[in-house]
Amino acid sequence: MNVPERSRFLIYAVGIFVCYFLYGIVQEKLTRGRYGEQVQTDGSVGEQFTFALALVWVQCVCNYIFAKVLLTVKPQKEDTTHTGSYAACSLTYLLAMVSTTMAMRWVPYPTAVVGKSAKPIPVMILGVLIGRKSYSWTRYACVLTIVLGVILFMYKEGKVANLPAETTILGEVLLFLSLSMDGLTGAVQERIRAASSPSGQQMMMSMNFWSTLMLGFAMLLTGEVKESLHFALRHPEVWTHLSLLSLCGALGQFFIFLTVANFGPLACSVVTTTRKFFTVLCSVLLFGNILIARQWLGAVLVFAALFVDMLYGKKQSPAAALSSKKPPSDGVWLSEEKEKLIS
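Everything quoted here is computed from the prediction, not taken from an experiment. (Residues numbered from 1 in each chain as written. Predicted model: local features only at pLDDT ≥ 70, side-chain atom pairs only at ≥ 80, totals over all residues. Heavy atoms only, no water.)

Asker: Which residues make up the overall build of the chain, and what are the values?
Answerer: Tallying secondary structure elements over the chain gives 14 helices and two strands in all. Residues classed as buried in the chain amount to 50% of the 343 residues present. The contacts of the chain with a sequence gap of at least 6 include a subset with a gap of at least 24, amounting to 84%. Accessible surface, the chain as shown: approximately 17,000 Å² in total, 69% of it carbon and sulfur. (Helix = DSSP H or I, 4+ residues; strand = E, 2+ residues; numbered from the N terminus. Buried < 20%, exposed > 50% of the residue type's maximum accessible area, 1.4 Å probe, protein only. Contact = heavy atoms within 4.5 Å. Areas by Shrake-Rupley, 256 points an atom, 1.4 Å probe, with all protein chains shown as cover.)

And the structure:
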């Protein structure tokens, strides 16, 4: 059956929205919800799922399987990337994912989404310092706008979401660590692409393979394998939430892959960035994560800068164009389709 192009784009866009909307809801429930009716020592009712390594391990396994299936269905040229490069990249990628997952316990979901949207900042800084890259003034302006938006969003006069100040600060420190690791991951990935040019699916499969091994080893050392299994046995609904998280993540990646393949990375970036903004909105409405006017202004600045960068920030600066004969890179941070295929 021949589906019109506009209809196909709408189907893919709705698929991305729905999958990652459900993904966000389940993730917030897992990381900040409570299970059971047992009264804790602090007087709260129910246990929290605090096993960040196990949660990220499940996602890495599903990402690996997804990439393996894609490469089986559509084989590609052999990946000649050095194993050590993937191992190093996987380590920084893992630290970023684990830090974000842990931060979700101590900051509201909108804060995590807006904070992670500041990924261009560390990637640009490390790209300039380590990769000796140069960017257009439009891109610098967009990143400065993102910085301003994040400052407006993160600055607080008092408690947020009924969380103690010290735990909120801890969550923000973890987000900062995650962004720093994102920057290092981007720098290593730039070198990998320059050296061997693997596809997004090949990077996704190899990085998640190494991440699964590293996390499995870490879980055995910390005893989290046993503890997370016991928690899931005490609260069987955790299995449902983990399954939904994995399913939504895999389906979301599939729709992103289809969007990139049929309509290009720009169209995909527009859809996914819009999706992030509506995720923040839905989290406010569904979970009571109330934002004040200044935080809404900060969020709007962040997403507006992302849109402007997608549309006008891809040109190289004149200095970079004269000094380098290499083809232009994918941008300040991994283009959205690679970011999602890898994470």
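Asker: I'd like a description of unusual backbone geometry, backed by residues and values.
Answerer: A positive phi angle is found at Ser197, which is not glycine, with a value near 50°. Here Ser197 lies in the loop between α7 (165-196) and α8 (200-222). On the accessibility criterion, Ser197 (45% relative accessible area) is partly exposed.

Asker: Tell me about the pairing of strand β1 (residues 35-39), residues and numbers included.
Answerer: Pairing of β1 with strand β2 (residues 45-47) involves two bridges; the strand directions are antiparallel. Counterpart to Val39 in the pairing with β2 is Val45. Here β1 folds back onto β2 in antiparallel fashion, the turn holding five residues, of which Gly43 has a positive phi close to 95°. (Pairing = 2+ DSSP bridges.)

Asker: Which residues make up the side chain of Ser199, and what are the values?
Answerer: Note that Ser199 resides in the loop between α7 and α8. Polar side-chain contacts of Ser199 include one of 2.5 Å to the side chain of Gln76. (Polar contact = N/O pair within 3.5 Å; in protein donor to acceptor, adjacent residues only side chain to side chain.)

Asker: Which residues make up the side chain of Ser211, and what values go with them?
Answerer: Within the secondary structure, Ser211 is located in helix α8. According to the relative accessible area criterion, Ser211 is buried, its value standing at 0%. Within the structure, Ser211 has its side chain in polar contact with the backbone oxygen of Met207 (distance 2.7 Å). Residue contacts for Ser211: discarding those within four places in its chain leaves Cys60, Ser90, Tyr93 and Leu94.

Asker: How would you sum up the packing of aromatic side chains? Please name residues and give values.
Answerer: Enumeration according to the criterion identifies nine aromatic pairs in this entry. The interplanar angle of 75° and the centroid separation of 5.6 Å between the aromatic rings of Phe49 and Phe231 together place this pair among those described as edge-to-face. Within this pair, whereas Phe49 is found in the loop between β2 and α2 (52-73), its partner Phe231 is found in helix α9 (residues 224-234), the two being separated by 182 residues in sequence. The class for Phe49 is buried, based on a relative accessible area of 4%. According to the relative accessible area criterion, Phe231 is buried, its value standing at 1%. Pairing Phe51 with Phe231 gives two aromatic rings, centres 5.6 Å apart and planes at 70°, and the pair type is edge-to-face. Taken together, the residues span a long stretch of sequence, with Phe51 in the loop between β2 and α2 and Phe231 in helix α9 at a distance of 180 residues. The buried category is assigned to Phe51, whose relative accessible area is 8%. Taken together, the aromatic side chains of Tyr35, Phe49, Phe51 and Phe231 make up a single cluster linked through ring pairs. Residue placement shows Lys29 over the ring face of Tyr35; its charged tip is 5.1 Å from the ring centre. (Phe/Tyr/Trp six-rings, centres within 6.5 Å; stacked < 30°, edge-to-face > 60°. Lys NZ or Arg CZ within 6 Å of the ring centre and 35° of its normal.)

Asker: Tell me about the UniProt feature "transmembrane region" (unreviewed entry) in the chain, residues and numbers included.
Answerer: UniProt's feature table lists "transmembrane region" (unreviewed entry) at residues 9-26, 49-71, 83-107, 137-155, 208-226 and 278-308, given in the numbering used throughout. Overall, residues 9-26 shows 100% helix and 0% strand. The separation of its end C-alpha atoms is 26 Å. End C-alpha atoms of residues 208-226 are separated by 22 Å, and the span's content is 95% helix alongside 0% strand. (UniProt positions renumbered as here; feature names shortened; annotations may be inferred.)

Asker: Any chance you could break down helix α4 (residues 109-116) for me, citing the residues and the numbers?
Answerer: One full turn of an α-helix is made of 3.6 residues, so residues set three or four places apart face in the same direction. Most of α4 sits inside the fold, with eight of its eight residues counted as buried. By the burial criterion, the buried members of α4 are Tyr109, Pro110, Thr111, Ala112, Val113, Val114, Gly115 and Lys116.

Asker: Go over the environment of Val39 with me, naming the residues and quoting the values.
Answerer: Mapped onto the fold, Val39 is located in strand β1. Discounting chain neighbours no more than four positions away, the residues touching Val39 are Ser44 and Val45.

Asker: Give me the state of the cysteines: which residues, what numbers.
Answerer: A covalent bond between the sulfur atoms of two cysteines is referred to as a disulfide. Counted according to the given criterion, the structure contains zero disulfides. Cys19 forms no disulfide, and the closest cysteine sulfur to it belongs to Cys248, at a distance of 5.8 Å. (Disulfide = S-S within 2.5 Å.)

Asker: Kindly report on a nonpolar patch on the surface, identifying the contributing residues and their values.
Answerer: Taken together, the side chains of Leu220, Val225, Leu229, Leu233 and Trp239 present a nonpolar region at the surface, about 500 Å² in accessible area. Relative to the helices and strands, Val225 is located in helix α9. Note on Val225: relative accessible area 30%, which makes it partly exposed. (Patch = residues over 30% accessible without salt bridge, like charges linked within 9 Å, V, L, I, M, F, W, Y side chains within 5 Å. Salt bridge = Lys/Arg side-chain N within 4 Å of Asp/Glu carboxyl O.)

Asker: Can you tell me about the environment of Thr274, naming the residues and giving the values?
Answerer: Relative to the elements of secondary structure, Thr274 occurs in helix α11 (residues 265-287). Once the C-alpha coordinates of Thr274 and Leu306 are considered, the two residues, 32 residues apart in sequence, prove to be 9.8 Å apart. Contact partners of Thr274, with chain neighbours within four places excluded, come to Phe17 and Phe307.

Asker: An account of the packing of α8 against α9 is needed here, citing residue identities and associated values.
Answerer: How two helices pack is summed up by the angle between their axes together with the distance between the axes. Packing of α8 against α9 brings their axes to within 6 Å, and their N-to-C directions diverge by 85°. Between α8 and α9, the angle is such that the two are roughly perpendicular. Contacts from Met219, Leu220 and Thr222 in α8 reach Glu224, Val225 and Glu227 in α9. Partitioned by chemical class, the residues of the contact of α8 with α9 number three nonpolar, one polar and two charged. (Axes fitted to C-alpha atoms, helices over the stretch in contact; angles between N-to-C directions. Parallel < 35°, antiparallel > 145°, perpendicular 65-115°, else oblique. Nonpolar A, V, L, I, M, F, W, Y, C, P; charged D, E, K, R; others polar.)

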